[in-house]
Every structure is written in C-alpha cells, then in structure tokens.
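# Observations on the model geometry
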There are 4 protein chains.
Amino acid sequence: MPSMKPAKVGFRTRLFQLIFESDTPAAKAFDIGLVILIFVSVGIVMLNSIAEYHQKYGTYFFDIEWFITVIFTIELALRIYCLDKPLLYLRSFYGVIDVLSVLPTWLVLLFPGAHTLIVVRLLRALRLFRVLDMMTIEGEKRLLLDALLRSRHQIMLFLFTVLMLVTIFSSILYLIEPAEAGFSSIPTAMYWGIVTMTTVGYGDITPITPLGQFISVAIMLTGYSIIALPVGVFSAEVIRALRAERYSDEACPGCGRHHHERDARYCKFCGTWLDEETTDPRARE
Amino acid sequence: MPSMKPAKVGFRTRLFQLIFESDTPAAKAFDIGLVILIFVSVGIVMLNSIAEYHQKYGTYFFDIEWFITVIFTIELALRIYCLDKPLLYLRSFYGVIDVLSVLPTWLVLLFPGAHTLIVVRLLRALRLFRVLDMMTIEGEKRLLLDALLRSRHQIMLFLFTVLMLVTIFSSILYLIEPAEAGFSSIPTAMYWGIVTMTTVGYGDITPITPLGQFISVAIMLTGYSIIALPVGVFSAEVIRALRAERYSDEACPGCGRHHHERDARYCKFCGTWLDEETTDPRARE
Amino acid sequence: MPSMKPAKVGFRTRLFQLIFESDTPAAKAFDIGLVILIFVSVGIVMLNSIAEYHQKYGTYFFDIEWFITVIFTIELALRIYCLDKPLLYLRSFYGVIDVLSVLPTWLVLLFPGAHTLIVVRLLRALRLFRVLDMMTIEGEKRLLLDALLRSRHQIMLFLFTVLMLVTIFSSILYLIEPAEAGFSSIPTAMYWGIVTMTTVGYGDITPITPLGQFISVAIMLTGYSIIALPVGVFSAEVIRALRAERYSDEACPGCGRHHHERDARYCKFCGTWLDEETTDPRARE
Amino acid sequence: MPSMKPAKVGFRTRLFQLIFESDTPAAKAFDIGLVILIFVSVGIVMLNSIAEYHQKYGTYFFDIEWFITVIFTIELALRIYCLDKPLLYLRSFYGVIDVLSVLPTWLVLLFPGAHTLIVVRLLRALRLFRVLDMMTIEGEKRLLLDALLRSRHQIMLFLFTVLMLVTIFSSILYLIEPAEAGFSSIPTAMYWGIVTMTTVGYGDITPITPLGQFISVAIMLTGYSIIALPVGVFSAEVIRALRAERYSDEACPGCGRHHHERDARYCKFCGTWLDEETTDPRARE
C-alpha cells in the first residue's frame, strides 16, 4: 500500500500517512485504535449470541454496533478519499475486506432480520491480518510459506490417498452396520470416517458389529501413524530452508552464476576463485 | 504402459496414443473426460445412499449409472483392442482395477439385489491413481516411498511392541471393570484400548473403576507421546533422502574433500575439476 | 540462591547451607524430607476430595494437614532468619511460592469455609520445581527454552491464524445448526471448534446438519495436519541448537574453512593451529 | 543365550542347538512351531472371553489349553535339562517369562476359579519378543534406544511440567463445576484432565460452566501443541544418531585420540596427518 502514493501533496498526503503507514506516533495510535475497535466489535457479536446477555444488554450492543459501523464507514470513506486510484485498492485483498466489514453491517442494521450477516461482522477480524503483517519479520513468514509450498506435492498426494482409503472403508461400514449405529448414508459414513481418522472421535456414530470395530481399528491406526508423513516432509523442508542460509547471494566473477555455498572458495561451476578480497592461492605459485 | 507398444501402426496406434498416453490435446481431453465420469459415478453412489435422494432421484441415478457403465465397458474393450498383449495388461495393477470397475457393476445392474457390490463401484475411484501418477513428479513419490521403506523395520518393531502393551492392559481392564462399563470381552477391550491409545476416544466404552481409570491414563500418555517414534524416524529418513539428493558421495581427486554438490563441476575447496571421465575445459586452453 | 550469602558466619550460615544448598548429606536429607512432605500434602488434598475417604479419614487428614502446615511455617521462618536480605528472597519466584504454600493454608485452616483455597495447597507442588532444577543439567533446559524462544514468532503467527479460522467456522455452525445440536452461542460454538480442531472431540456438541458436518470435516482435517507447523519449526530449531553446540562459527586462519567442532584445536582440513589467542605448541618445539 | 553353552557335547548339545539357536532348519521349524502355539494360545484366551463362543466352544478351548500348557511345560523342562546353569537362565528376562507362561496356567487349570490368571496366559505373548529379537537388525534397535536414552532428561522434565499443569487446572475445574458434570473428586478431575490433554476426549466428563469450558480450552491447546517438544527432541536425536555415521572409529596415530570426523584429514586435537595410506602434503614441501 505504501506504493500507492497519492499524486497531490498536502492534506490528502498527511491523511494517507496516518491511515496507510505506521511511521509516526499518530499513525501508530491510529492503528492501535483500529485494533481496539475491531476487538470490541467482534466481542460484541460473541456476547450478543449468548441469550442471557442479549436479553440484558441487547440494546447497548445495538447502539455500540451502530457507533462502530459509522466509524468504520468514515474510515473507509477517508481511505478512498486520500488515494489517487481508490478502485485499485478496493479490488485488493485488504480493500475487499474493508468493504465487507462495513457494507453488510449497514444491511444488517437496516434490515435486522438478516441474522445470517452476523458472520460478516466477524470478517472485521480479518483486518487484524494487516496488523499481523506489520508485526512479523518478513523473513519468518517467507520461511514458513516456502516450506509449505515446497512440500505441497507430497502433501496433496498424501491427502488424496488418505481420502480414498477413508471413502472405501467408510462405505464398507455403511454396508455392514445396522441402522441404529448411525451410518445412515455413505456421506454420513465418510463423516464418521474422517472423525475417526483425524482421531477426533466424537462418539456420535460408533460401530457396533465386531467386523465394523475391526475395520475402524484399521482406520484409527492409519490416521494415528500417517501423521508422520506431512510432519516429516514439512520438518525436512523447514530444516532445508534454515540451511539455505548456507548459500550466499553473490555471483561468481568468472561465470556470473549464483547459488554458491558460503564456505565455497572456488566456483563449483567454472573453478574461479570466489573471494574478491584476496587472491587465488594457486595464482601465487 | 507406454512400453507396451502395439505391433501394427495405424488406427490401433492412434487409439493407443489416445487412451494410454497424454501427449496430444485429444489424449489429455480423453483423460479429463474419464476423470469427470469417475467423479460423477462415485458421486452418484454416495447420493444414492442417502434415503431422501434415493427416493426422489433413484431412477435417474440408475439410468446415469447404466450410461456410465456402458461407456466404461466400451473404453475397456477399446483398451483390449489396441494392445498387442492385452492379457499382460489385464494382469497388471491398473488392468485389474479397470476390470473390477466394470464387471461387478454389470452384475449389480443385472441382479439389483447384490447391494454389497455398491462398494466396487467406488473402486472406480482407484482409477484416479493413474491420473495422480501423471500429475506428480516421479522423484517426489520415490522420495516418500524410499523414506517409508527405510523406516519400515523400526516402525514394525514399534507397532508390535505397542500392540502387545495394548493387549495386556486391555485384558486387565476386561477383568476389573463391571459389565455396565462395556468391556464385554477381550477383543472388545482391545478395541477400546486402540480407541484410547490412538487418542480417538469415542466414549462408547469408558472405565468406571478408579484403577481402570488409572490404567487407561497410562495407555493415553503412552499413545500420546509414543507418536514421536515413527514421526522422528520417518522425518530423519526424509531429511537424509533430501540431502543425498543434493550431495554426492565422491571425493575430490585434487584435495580429497567430500561433501560436494551433485551439480558441482569444480571442487569448491581447491578448484580442481571433479569429473573423472572428462578433462578440465580450462586445461585444454 | 547460593548467591545470597548471609553476612555473619556461624549458626545462621550452617542453617543456610542446610536449607538452601545441597552439598552435605544433611542438606540432601533435608531436601528429600521436604519433597516427601510435599507429596504427602498434595496426596492428602486429593484423597480428601473423594467423598468416601473424606468421610472415613477426614479428621486424620485435617490433623496431618495442620502438622505439615506447621512444619512448612517453621521452615519458612528459618529461611527468613538465615538470610541477610529476606525481602529480596520473598520477592523472587521461589520465595513467592513458599509464602503461597503456607499463608493461605493458615487462612483455610482457621476459616474452614474457605473451600476454594484448597487449590493453593496444591501450589506446594510448585516447590518441586526447585528439586527439578537441581536434577537437570543446566544445558538441557537452556536448549529447550532457546529452541522455544526462537520459534515463538512462527508459533504465534500460527496460533493467531488458526484461532481466526476457528472463529469464523464456528460462527457459521452457530448459525446453521438447530438448537438441539448444542451450539447455543458463538462462544459455545468456539468451544466446540477448539474441541474439534485439537482432535479432542468430546461429543457433547456435534453437528447434525449435513452442511455442518461438512464444515466440521474441514476443521478436523485442518487441525489434524496443521500440527506439522509448530512441530516442524520447533524440531528444526532443536536440531539447529544441537549443531551450534558442537560446531563453532569461526574460520581457520590457515585455510579459511568453516565448520570446525568447538573442541578442535587443529584445523581438520589443513592442520593449522586454530586458537588465535595462544600459539601452536608444536611451533614452540 | 548362545553364550550359555552346555559343558557336555551330545544329546544335550543337539537339544540346545534346537531350542536356543536358529541356525539349522530344525531349529527354525522349532521356533516357528512355538510362535504358532503362542498365537493359538493367545487367540483362545481372547475367543473364550466372548460369552457366545465360551458357551459354544468352551470345552474345546479348555482341552486345547491343556494340550498347549503340557507342551510348554515339556519345552520348559527340556530347556532346563539341556543347560548347565539353568538357574542363571531362569533368572534372566526370558527365563522368567517362560516360567510365568506355564506355572500360573497349571494353577488356573487346577483351580478354575482363579479367573484373574487369564491375563498371565497372555504373558505368553511376551515370548514373541524373542522372535522379534531375531528378526530385527541389531543396529536399528540400538539406534532407537540410544535416541530414546539421550532424550530422556528433556522428556522427563516435559512430563513433570505437564503433569503439574494438569493437576492445578483439573483442581480448579473440580472446584467450579457442579456435581452433574462429573468432576466428583480431584483424582477424577485429573483423569479428565489427562483425557483432555492427550486429546483422547471420551466425553464421559465434560465441563458445563463457561469458565470451566474456557480453562479446558487452555488445556486442549496446550496438549495439542506441546506434543512438539518430545517429538522435536526425539527427532533431533535420531538425526544425530544417523549422523554419527559421520564419525570414524579410528584413532589418531599421533595422539591416539578417537572421535574424528570421516572427512577430517588432520587430527583436530594434535594436528597430525590422519590418513595412513598417504603422506602429509605439508611434509612433502
């Protein structure tokens, strides 16, 4: 967002620096104020869902919610105002969240029957990601994401195989278990299959027949041990990423290639001496 | 499968390239069409198991299932036709799946009472593995499988020890718990033992006596922490496999150092040319 | 604590060595005696909570509890007596625990209605940490703590993202599930969300609608696989800590190579003396 | 056991080779026969516990059990006969198991009311460990055990800390939850605490009050993430054990010290050239 600089200097610029950046104490205070409002807003949605509190404090919640919605609307209007290309922002991830945080709430407040839009008020919580962005070191997020990306093929292969095993085993249980066990259809049996394989084990549906219990034991042992796969693959990638610090960013003066290890003295591609501050010992002879 | 080339060139060859290979756009479209049909077929089996949908749409499902079965039968016939040694293919893993996907369905559709063969319709899902084969890089599957294979002794030792501990503890609970707790026989107690040790914990059977609860706590703590064994062993093997990928075992003929990357042509420690079968390009100058 | 030496020598010093240190057999016996008393005290609190035992042995428990409290009070008085700056100690972690172990018990015993202070008797168990301190090698605790500290950013990022996903999904279930399913408010739904995501799965609240079951499957699969993140990151940090223990960061003044073990005196690559602050013993000959 | 060689050669020796060793086909057949008998014996104990089968086949089970017990008794007698120091064997781990497999069964069969000794019949399963001993490569068991041993301090520290947290939190729930929730005493609350923390989650006891649910969420999240500790530590130790192959067994010809890395050319302790097959390049100058 700091790259979307407003064309004119002046009030708009100062507003931009206040809202979109976090350099000055005023900008930081703005951010903190925003986070507090988000937490209050989310907290109210949660408390309002508890029948007891809704009865006692429902009207206060409603008033505070109006107040917060107005503040967020003003804030969104200011954001649009101080940017040169507001449409570009509104189409970005954070822009969409900002709009989703405000627009539906107006609809909910104007048509109180729209109960289901309660959830969108919670989408305000997604704005906290922006705060998180500022909090974490860029490198750490990148490390996790890189490791996740590199492991993705194995993890997809793993998930697919697992899903197919669950489908087949669950269907067998659907066939052999009597009605009172709860396996009322194949999708329901698959729900039970995943509840069992992820070791959640609600107990709302449990096998009654000995054969069913035997097959479920197979699913349990599989789910219990197969967690080693994604964990092992992901750990190895994280370790590899940490080790990537082993590679320097510099290019070889001889062939220009990159990706040399930090402890390398000669370019592994063309044999040229790499350290620019000293001379090649072989050349001295 | 590309190794089973048909002897004659012509229509059969073009058919072979369409069905068994994925190079041309037509072949890719064929594969995608097949995957879609498989998903539809599996989806219908699942929806048909839900009483509500079976009543409303049962006849449509039946018709679509006939249609798909006919298409798969034609496809299997074409596969047999365009190969020179079809029996060899029918005995391979994918060949057996193809036959199992079609033959039982004919039996089910002709004798609708064969309810239990519903599951074999789901075996069509196994055909998706072929698609997966094409999607993943050979190396990644191999890496996972190799790591799994190398860890197999420790994992078997681990599973056996764990199974014996569960047997003994479950039997003790079978002896000390009263009838209403649900430990009706030793196999049932072992079912509870595995439900507990894998941390699934349905709750359909739970210990009532304090001693029983104490022993179950021992099983829980064991199951909870012992997962470190296969995870640790498997992770270590994956890491080893990843490292072996990058680093070769050979020594530099110049300085004797190890730990060179596979793509290195010159020793990073002393600059000597590493490939013993060719001569250093610089020396030729 | 050994650093808080008393100013005067004599009885107070001998008392100090007995209570705060563990060198002499008497001091060790003192420590063991203390641990035994703590275990007895905690055990009595537990047994006393069982209605059956409370009725049979309640009076004995009460008497033993008085006796132990008196002993701990005398011990605390002695600690204060033999130190020069007792207030400094009373403000330290172990000092606060010592006071909390004794003072509330007097209140409980004098005003037996203060049932809730039972828990503070259990705080005596925290005194066992001091024993643990003496048992473990300093390095091992440090290794674990360091690895934990270095992984903290990723783990916080992970926990925050996970918490937000749980909030949004749980709220959706709160909206779509009927009253009898148990999702009575958003906080209750979030309680269910965490029970599900951590794979605990009590089963006191379970989704009834197919859509609810589908969303819960998403939460289960997420919780089941996402454990790989903190485990992978933490494992990598432990491995890094173990390696940093063994290998130093310095380069050899002779050949410039890195990756020497900390206990190495000569470079394993070129034989040069590594310690820059002293001279090579061989050179002196 | 091969180290306990009988003093006289002849029938006893041949018996010894048959029973205690596995070199000849006869000895292997003996072992396999033994394993089959153990499985049959254990299987009968399990089937006999199922009321249905006990009624139908109880007498057959009884006869087969007599038969097997007689065979095991003869086998034990033979073992004692062909050894020179049988008492030494009877005191070893496997010797005790052999006696426990046979003696109690005689008591059970003579006094059928001794129902509780059923479990000791299952102890025969422990004899399978001897088979396992022969199946696994010595190095693999050693690797796992070594890694386990080296991690034991951290794992004990971890278990102790976790147990204390569970005790304190469970006690709080014991105090705040009403009677119908099931937290009837502190030990029962601790049982629930471990059921929750290990993510087993039976659901036989669940918190009803909001505060109780909040505290239980803390326990769940702790148990869910804290598994990273023992897994991470154990994985690191396994990796370290695998890397120990990095160290050679040879001693330095100069100072006699061991523990040099395989890729070391100069002794890190005294700087002497390590490779005995070549001469020190520095000496050539």
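Residues numbered from 1 in each chain as written. Chains lettered and ligands numbered in written order. Predicted model: local features only at pLDDT ≥ 70, side-chain atom pairs only at ≥ 80, totals over all residues. Heavy atoms only, no water.

Attention now goes to the overall build of chain A. What chain A contains, in helices and strands, is 13 helices and zero strands. Secondary structure elements of chain A, listed N to C terminal, follow the sequence α-α-α-α-α-α-α-α-α-α-α-α-α. Split into buried and exposed, the 285 residues of chain A put 48% on the buried side. When contacts within chain A are restricted to residue pairs at least 6 apart in sequence, those whose partners lie at least 24 apart make up 50%. Working note: accessible area of chain A is about 14000 Å², and carbon and sulfur atoms make up 68% of it. (Helix = DSSP H or I, 4+ residues; strand = E, 2+ residues; numbered from the N terminus. Buried < 20%, exposed > 50% of the residue type's maximum accessible area, 1.4 Å probe, protein only. Contact = heavy atoms within 4.5 Å. Areas by Shrake-Rupley, 256 points an atom, 1.4 Å probe, with all protein chains shown as cover.)

With that settled, consider unusual backbone geometry. The phi angle at A:Thr199 is positive, at roughly 60°, despite the residue not being glycine. Within the secondary structure, A:Thr199 is located in the loop between helix H10 (186–197) and helix H11 (210–225).

By the definition in use, this model includes twelve aromatic pairs over all chains. Taken together, a centroid distance of 6.2 Å and an interplanar angle of 55° make the contact between C:Tyr57 and C:Phe61 tilted. Taken together, the residues span about one helical turn, with C:Tyr57 and C:Phe61 both in helix H3 (residues 51–82) at a distance of four residues. Every member of this aromatic cluster is reached through a ring pair, and the members are A:Tyr53, A:Tyr57 and A:Phe61. (Phe/Tyr/Trp six-rings, centres within 6.5 Å; stacked < 30°, edge-to-face > 60°.)

Residue and element names in this part refer to chain B. With twelve residues, helix H10 (residues 186–197) extends 16 Å from end C-alpha to end C-alpha; this agrees with the ideal 16 Å at 1.5 Å per step. In terms of burial, H10 is a largely internal element, eleven of the twelve residues being buried. Buried within H10 we find Ile186, Thr188, Ala189, Met190, Tyr191, Trp192, Gly193, Ile194, Val195, Thr196 and Met197. Thr199 sits one or two positions beyond H10 and adopts a positive phi of about 60°. (Expected span 1.5 Å × (residues − 1).)

All names here are of chain A. Those residues carrying the UniProt feature "transmembrane region" (unreviewed entry) are residues 29–48, 60–81, 93–120, 155–176 and 214–236 in this numbering. Spanning residues 29–48, this segment combines 100% helix with 0% strand, and its end C-alpha atoms are found 28 Å apart. Split by type, residues 214–236 is 91% helix and 0% strand. Its first and last C-alpha atoms lie 34 Å apart. (UniProt positions renumbered as here; feature names shortened; annotations may be inferred.)

Residues and elements named next belong to chain B. The contact between helix H9 (residues 152–176) and helix H11 (residues 210–225) brings their axes to 10 Å, and the two run at 165°. Our classification of the angle between H9 and H11 gives roughly antiparallel. The hand of the H9/H11 crossing is left-handed. Residues Phe169, Ile172, Leu173 and Ile176 of H9 pack against Leu211, Gly212, Ile215 and Ile219 of H11. (Axes fitted to C-alpha atoms, helices over the stretch in contact; angles between N-to-C directions. Parallel < 35°, antiparallel > 145°, perpendicular 65-115°, else oblique. Left-handed = near helix turned anticlockwise from the far one by under 90°.)

This part is about the confidence of the model for chain A. Detail in the predicted coordinates should be disregarded across regions flagged by low pLDDT. Residue and element names in this part refer to chain A. Put simply, chain A has an average pLDDT of 76, and 78% of its residues get 70 or more. Confidence scores differ between elements of chain A, with helix H7 (residues 128–135) showing the lowest mean pLDDT of 62 and H10 the highest of 90. At the level of chain-chain contacts, confidence expressed as ipTM amounts to 0.72, with global pTM at 0.76. (pLDDT = per-residue confidence, 0-100.)

All names here are of chain C. This structure, assessed with the given rule, holds eight salt bridges over all chains. Among the salt bridges present, the one from Asp98 reaches Arg79, with a minimum N-O distance of 3.7 Å. With a gap of 19 residues between them, Asp98 in helix H5 (residues 93–110) and Arg79 in helix H3 connect regions that are remote in the sequence. With respect to class, Asp98 is no different from Arg79; both count as buried. (Salt bridge = Lys/Arg side-chain N within 4 Å of Asp/Glu carboxyl O.)

In this fold, C:Leu229 is placed in helix H12 (residues 228–246). Along the primary structure C:Leu229 and C:Thr278 are separated by 49 residues, whereas in three dimensions their C-alpha atoms are 46 Å apart.

Residues and elements named next belong to chain D. Structurally, the position occupied by Tyr81 is in helix H3 (residues 51–82). Assessed through its relative accessible area of 43%, Tyr81 is described here as partly exposed. Separated by 77 residues in sequence, Tyr81 and Phe158 have C-alpha atoms that sit 49 Å apart. The contact partners of Tyr81, leaving out residues within four places of it in the chain, are Phe11, Arg12 and Leu15.

All right, on to the packing of helix H9 (residues 152–176) of chain C against helix H10 (residues 186–197) of chain C then. All names here are of chain C. In contact at an axis separation of 8 Å, H9 and H10 are set at 120° when each is read in the N-to-C sense. Relative to H10, the element H9 is oriented oblique. In the crossing of H9 with H10, the sense of the turn from one axis to the other is right-handed. Here Val162, Leu163, Val166, Thr167, Ser170, Ser171, Leu173 and Tyr174 of H9 lie close against H10, whose contacting residues are Ile186, Ala189, Met190, Trp192, Gly193, Ile194 and Met197. Counted by class, the contact of H9 with H10 contains eleven nonpolar, four polar and no charged residues. (Nonpolar A, V, L, I, M, F, W, Y, C, P; charged D, E, K, R; others polar.)

All names here are of chain A. A cluster of nonpolar side chains, namely Ile32, Ile36, Val40, Leu47, Tyr53, Tyr57, Tyr60 and Ile64, defines an oily patch on the protein surface of about 720 Å² accessible area. Of all the secondary-structure elements, those providing two or more residues to the nonpolar patch are helix H2 (25–48) and helix H3 (51–82). With respect to the secondary-structure elements, Ile32 resides in helix H2. (Patch = residues over 30% accessible without salt bridge, like charges linked within 9 Å, V, L, I, M, F, W, Y side chains within 5 Å.)

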